[in-house]
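What follows is the residue order along each chain.
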Amino acid sequence: MNQTATKEVLSFEDFKTEVLNDYKIATVSRECSLLGRREVLTGKAKFGIFGDGKEVPQLAMAKAFRNGDFRSGYYRDQTFMMAIGQMTIQQFFAGLYGHTDLAHDPMSAGRQMGGHFATHSLDENGNWKNLTQQKNSSADISPTAGQMPRLLGLAQASKIYRNVGGINQTNFSEKGNEVAWGTIGNASTSEGLFFETINAAGVLQVPMVMSVWDDEYGISVHARYQTTKENISEILKGFQRDENNKGYEIITVKGWDYPTLVETYQKASQIAREEHVPVLVHVKELTQPQGHSTSGSHERYKNADRLAWEAEFDCLAQMRTWLIDNNLATAEEIEAIDNQAKKDVLEGKKAAWAAFVEPMKAEQQELVALLNSIAASSENKVFIEKYTNDLASIKEPIRKDIITAARKVLRLIVKENGKAQLSAWITAYIEKIQPKFSSHLFSQSDKNVFSSKEVLPKYDETSEEVDARLVLRNNFDVIFEKHPETLIFGEDSGNIGDVNQGLEGMQEKYGEFRVSDAGIREATILGQGIGLAMRGLRPIAEIQYLDYLLYAIQIMSDDLATLQYRTAGRQKAPLIIRTRGHRLEGIWHSGSPMGMIINAIRGIHVLVPRNMTKAAGFYNTLLETDEPALLVECLNGYRLKEKMPTNLGEFKTPIGVVETIKQGSNITLVSYGSTLRLVEQAAKELLEVGIDAEIIDIQSLLPFDINHDIVKSLAKTNRLLVIDEDVPGGASAFILQQIVDEQKGYRHLDSNPETLASKAHRPAYGTDGDYFSKPSVEDIFEKVYGMMNEVNPVKYPSLY
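To keep things clear, this report deals only with the structure shown in the data block.

**What to know about the overall build of the protein**
Of the regular secondary structure elements, the protein holds 26 helices and 22 strands. In terms of C-alpha radius of gyration, the protein reaches 30 Å, essentially the compact-globule figure of 28 Å for 800 residues. Expressed along its principal axes, the backbone C-alpha trace of the protein runs to roughly 100 × 85 × 45 Å. Put simply, the protein has 800 residues, and 59% of those count as buried. Expressed as a percentage of contacts within the protein between residues at least 6 apart in sequence, the contacts between residues at least 24 apart total 79%. Surface accessibility of the protein: about 32100 Å² in total, with carbon and sulfur atoms responsible for 50%.

**A few points about the state of the cysteines**
Evaluated as defined, the whole model comprises 0 disulfides. Considering cysteine sulfurs only, Cys-315 is the nearest to Cys-32, which forms no disulfide, with 15 Å between them. By relative accessible area, Cys-32 is classed as buried at 0%.

**With respect to the layout of surface pockets**
For the largest pocket, the calculated volume is near 860 Å³. Put simply, the parts of the chain that give the lining of the largest pocket at least two residues each are helix H4 (89-97), helix H11 (331-375), helix H13 (399-412) and helix H14 (419-438). Split into classes, the residues belonging to the lining of the largest pocket amount to 18 nonpolar, 10 polar and 8 charged. Empty space within the second largest pocket amounts to approximately 410 Å³.

**Thoughts on unusual backbone geometry**
With an omega of 0°, the peptide bond between Leu-702 and Pro-703 qualifies as cis. In this fold, Pro-703 is placed in the loop between strand S20 (700-702) and helix H23 (709-717). Phi at Lys-175 takes a positive value of approximately 60°, unusual for a residue other than glycine. On the secondary structure map, Lys-175 appears in the loop between helix H5 (147-163) and strand S3 (180-185). Overall, Lys-175 belongs to the exposed group, its relative accessible area being 64%. In this model, Asp-492 sits at a positive phi of 70°, which is unusual for a non-glycine residue. Structurally, Asp-492 can be placed in the loop between strand S10 (486-490) and helix H16 (506-510).

**Some points on the nonpolar core**
Formed by 88 residues in total, the largest nonpolar core has its most connected members in Phe-93, Val-209, Tyr-265, Leu-323, Leu-367, Leu-422 and Trp-425. The element best represented in this core is H11, accounting for 15 residues. Here Trp-425 is in contact with Glu-363, Glu-366, Leu-367, Leu-370, Ile-402, Ile-403 and Ala-406, once residues within four sequence places are set aside. By size, the runner-up hydrophobic cluster in this structure holds 84 residues, among which are Leu-154, Leu-236, Ala-518 and Leu-749.

**Focus on the packing of aromatic side chains**
Scanning the model with the defined rule gives 26 aromatic pairs in all. Geometrically, the ring pair formed by Tyr-258 and Trp-322 is tilted, given 5.2 Å between the ring centres and 55° between the ring planes. Here Trp-322 lies in helix H10 (residues 315-325) and Tyr-258 lies in helix H8 (residues 258-275), a separation of 64 residues in the sequence. Residues Tyr-258 and Trp-322 agree in their burial class; the two are buried. Considering the side-chain rings of Tyr-771 and Phe-772, the 5.2 Å spacing of their centres and the 70° angle between planes classify their relative orientation as edge-to-face. Look at Phe-772 and you get exposed, because its relative accessible area is 56%. What links up through ring pairs into an aromatic cluster is the set Phe-50, Phe-92, Phe-93, Tyr-97, Trp-353 and Phe-356. A cation over an aromatic ring shows up here: Lys-302 above the ring of Tyr-217, its NZ or CZ 5.1 Å from the ring centre.

What counts as what
Residues numbered from 1 in each chain as written. Predicted model: local features only at pLDDT ≥ 70, side-chain atom pairs only at ≥ 80, totals over all residues. Heavy atoms only, no water. Helix = DSSP H or I, 4+ residues; strand = E, 2+ residues; numbered from the N terminus. Rg over C-alpha atoms; globule rule 2.2 N^0.38 Å. Buried < 20%, exposed > 50% of the residue type's maximum accessible area, 1.4 Å probe, protein only. Contact = heavy atoms within 4.5 Å. Areas by Shrake-Rupley, 256 points an atom, 1.4 Å probe, with all protein chains shown as cover. Disulfide = S-S within 2.5 Å. 1 Å grid on protein atoms, 1.4 Å probe; cavity = no way out; pocket = protein on both sides within 12 Å on 5 of 7 lines; lining within 4 Å. Points joined across faces, edges and corners; volume = space filled by probe spheres on them. Nonpolar A, V, L, I, M, F, W, Y, C, P; charged D, E, K, R; others polar. Core = buried A, V, L, I, M, F, W, Y, C linked by side-chain atoms within 4.5 Å. Phe/Tyr/Trp six-rings, centres within 6.5 Å; stacked < 30°, edge-to-face > 60°. Lys NZ or Arg CZ within 6 Å of the ring centre and 35° of its normal.

See the structure below:
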């Protein structure tokens, strides 16, 4: 029954012990759900969403789950996490309370609500642990079906490790024998991400076991409104493999039938693990004893007959009956297990609550003592004592209560001697506490992007002017040779070498597993990259055009961008997302929704190189770091001429560092990407009328100008124009905020800082669509000229 057992055949006593232990785990999990709901309703926790009703199938799944395997699930898998030994009772409640210490809530250190599970792939320094020696769970997210694309990549990693030679598998794989296990509620199978992933996994033939927990409802909405025929396995029958066609093994099983569930999951594991065939397990006839969550009661939408059926076919009730009917336990033994579970859960809950509140009580007492000391010699003693007494009277304070009281009192003593002491306390307190809520948006390891230093491209007398795409292609060639763990995939990336020939010949040289085509399915292309990167590979996921990124923006925003943050630095996915855009005609290929992107994916670096040499340098840099990035190549730059560097694969473009590509004295022009070529032309024409512009290439939007070089330019020119081809208020607003607000650039300005962006509409397709929709050379010239007209109308008379 248990994969960790060494004996071929269990004795009856061993079998009985194992089965009763399973029941104990399930009962503890159920008691956690019941007591957890009460903790929410009494106000100790804010929200609860639990796995009651799903305990028995999760036990069966856990028994087939091996070291090295990965889970990508949803927020009801608490029994599974307990069964694989990755969550205790106390940790369950710590997650419910939102404990900000990883030692207590190892799932997310209070950054996600309870029910969102993760294991630690990294140590405290951001280094990989040996994932083959532990049971792994990728960090959950709340968006329904959002776990599916990542699941695809986790499974595909085993395929890569099994079929590609030369990769160091240490810490990551045992010859590709790992299975990726997915879980989802039946209602969430209505989401497009589910169907896209199911299709992609069938095409790729990856070792994935997908479990659908089917209790017939999605919150209050019955399956008849969710799924055709009210049955997901029925409508997916066309995916069933046969002797002539690859596909899925599809299995249906009742969620309360313990022995059949165990047999089913052992079978599913064997098929996926040995044959690399995806398996769909449709677990039917499940219940939801407490309804969807603590935000409502299921009695509002389930009739008496349904509630009576759920009481009878509750999986725990059925397991109790099976144990007694098969002489594995008496009713008295079952009752003893149930009673012990109640005691254990209550004790675990108490321990979790004490661990949660005690540090804050200590902080409360420390501040109360300080405020009493300050009040003794203050002119505002009465008012300070009011704040102090109110704070001291809170039996179970939160940190908001503590810091609020301190900051209110500070206002009262701003002119008194006690100010310095309280101000220092507040500063130290925030420095200590803020990281508990804000750390690890980006990597804090020694492999973060700032650890890589610039290496300039080198040229000699043999360096030829070539189509810029060849710089990319030849650099990718060196990358694939140098880094066997690197692979690239996307629409048209393989056979034809991408639509702009930047991968020409790479598939033929390195094989279909490393340079591969993908279907038209951007979200799961992105998901492949996330999962592969979480298992130690270095994927480059190619989205053909920047506009198509919108299909994947939800996965980028909710999953990839938050991964390091929501695990407090204990998981990472250093995925490189390759795309191309800028300066295009046509509503659907306008190529520059940058404001939307940079505001949706904080946690992912956004790189906007102006040419292919700079782009190649970014790829070289990123492969030495452990952070995800989006790299936007200039679509109209592949056929422009650039010199071929002699140090391919070695030169590195620094991330977060701007480049001044023309010195000037009258005004600073800031832009990026393809628009820079227009800015350069406009600057030449401005020189003809006596205006000397300095041009700065941003190079990366996230991070932005970490050395504050732009403000140094403003100190010289005293004027600023930001040119961007996004809509008004898009990326230009972000850039301006960074320069004026973050860098305090306003101190050096003699004129109003201005922006020049595209029109609010998308560009028309016609030949002149670009000119009349996005900034032109004439637009840039006249905008700068107008700013100089304001300064010196005699020298620069109005054009209009």
